[in-house]
Amino acid sequence: EGYYPSVVVPKALELGPQIQDTFGRAWRAGVPIAFGTDAGVFPHGENAREFVYMVETGYSAMDAIRAATSVNARILGMEEEIGAIEAGLLADIIEVDGDPLSGIQVLREMDFVMKDGVVYKMDGERTGQSGGG
């Protein structure tokens, strides 16, 4: 409730369970799943709900996080550039209040965001502080 605009709700109620079932079956069959969304029907930043939906289908929290990081890097053929926090790789880093492995929903409330070495606040204000190399 309150997630989609009212015009989208009937379709979401009909197709949502089917999508989750198909997703779960694909994952259990070993299909690599990449995190992503065509988020055109809700505000930017709400796509973290996808982590919750993935876990609801039986994905572990760590598998859901990997789908957004190392799996995407592998599917894109960019493992040498992104997908892990390692020296020499590009990384955007977040901090949350809690352990996402114990409750994936904490990924919806980020306390800290660093992109390209610059620290940002969640309200979008740029602090301008370099996070280092």
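Residues numbered from 1 in each chain as written. Predicted model: local features only at pLDDT ≥ 70, side-chain atom pairs only at ≥ 80, totals over all residues. Heavy atoms only, no water.

All right, on to the overall build of the chain then. Scanning the chain from N- to C-terminus turns up four helices and four strands. Counting from the amino terminus, the chain carries its helices and strands in the arrangement α-α-α-α-β-β-β-β. Expressed as a percentage of its 133 residues, the buried residues of the chain come to 23%. Taking all contacts inside the chain whose residues are at least 6 apart in sequence as the whole, residues at least 24 apart take part in 38%. On the chain, roughly 9100 Å² of surface is accessible, and the fraction owed to carbon and sulfur atoms is 54%. (Helix = DSSP H or I, 4+ residues; strand = E, 2+ residues; numbered from the N terminus. Buried < 20%, exposed > 50% of the residue type's maximum accessible area, 1.4 Å probe, protein only. Contact = heavy atoms within 4.5 Å. Areas by Shrake-Rupley, 256 points an atom, 1.4 Å probe, with all protein chains shown as cover.)

Moving on, we come to the environment of F51. Summarising the element assignment, F51 is placed in helix α2 (residues 49-56). A relative accessible area of 11% means that F51 is categorised as buried. Taking the C-alpha atoms as reference points, F51 and A64, separated by 13 residues in sequence, lie 5.9 Å from one another.

The full count for this structure, using the stated rule, is three aromatic pairs. A ring pair is formed by F23 and Y59, whose centres lie 5.3 Å apart and whose planes are at 50 degrees; its orientation type is tilted. Of this pair, F23 sits in helix α1 (residues 9-28) while Y59 is found in the loop between α2 and α3 (61-68), placing the two residues 36 residues apart along the sequence. By relative accessible area, F23 is classed as buried at 18%. (Phe/Tyr/Trp six-rings, centres within 6.5 Å; stacked < 30°, edge-to-face > 60°.)

This part takes up α3. Among the residues of α3, A61, A64 and A67 are the ones counted as buried. Down the axis, α3 shows its buried residues gathered within 120 degrees of arc, on one side only. Tucked into the core, α3 has its buried residues touching α2 and α4 (70-75). (Arc of directions from axis to C-beta.)

With that settled, the discussion passes to the confidence of the model for the chain. Averaged over every residue, the pLDDT of the chain is 82; the share at 70 or more is 83%. Within the chain, the element-level pLDDT minimum falls on strand β4 (residues 126-130), averaging 56, and the maximum on α3, averaging 93. (pLDDT = per-residue confidence, 0-100.)

Below, the discussion takes up the packing of α2 against α3. Axis separation between α2 and α3 bottoms out at 9 Å; the angle between their running directions is 135 degrees. Classified by the angle between their axes, α2 and α3 sit oblique to one another. Crossing angle aside, the handedness with which α2 passes α3 is right-handed. In contact with F51, M54 and V55 of α2, α3 contributes A61, A64, I65, A67 and A68. (Axes fitted to C-alpha atoms, helices over the stretch in contact; angles between N-to-C directions. Parallel < 35°, antiparallel > 145°, perpendicular 65-115°, else oblique. Left-handed = near helix turned anticlockwise from the far one by under 90°.)

Before going further, it helps to examine a negative patch on the surface. A cluster of acidic residues, E79, E80, E81 and E86, forms a negative patch on the protein surface. Within the secondary structure layout, E79 lies in the loop between α4 and β1 (93-96). A relative accessible area of 39% places E79 in the partly exposed class. (Patch = residues over 30% accessible without salt bridge, like charges linked within 9 Å, V, L, I, M, F, W, Y side chains within 5 Å. Salt bridge = Lys/Arg side-chain N within 4 Å of Asp/Glu carboxyl O. Lys, Arg positive; Asp, Glu negative; His and termini not counted. Charge placed at Lys NZ, Arg CZ, Asp CG, Glu CD.)

With 20 residues, α1 extends 28 Å from end C-alpha to end C-alpha; this agrees with the ideal 28 Å at 1.5 Å per step. Along α1, the sharpest change in direction is near 35 degrees and occurs at L15; proline P17 comes one to four residues later. Looking one or two places after α1, you find G30, whose phi comes out positive at around 95 degrees. (Expected span 1.5 Å × (residues − 1). Bend = angle between axes of the 7 residues up to and from the residue.)

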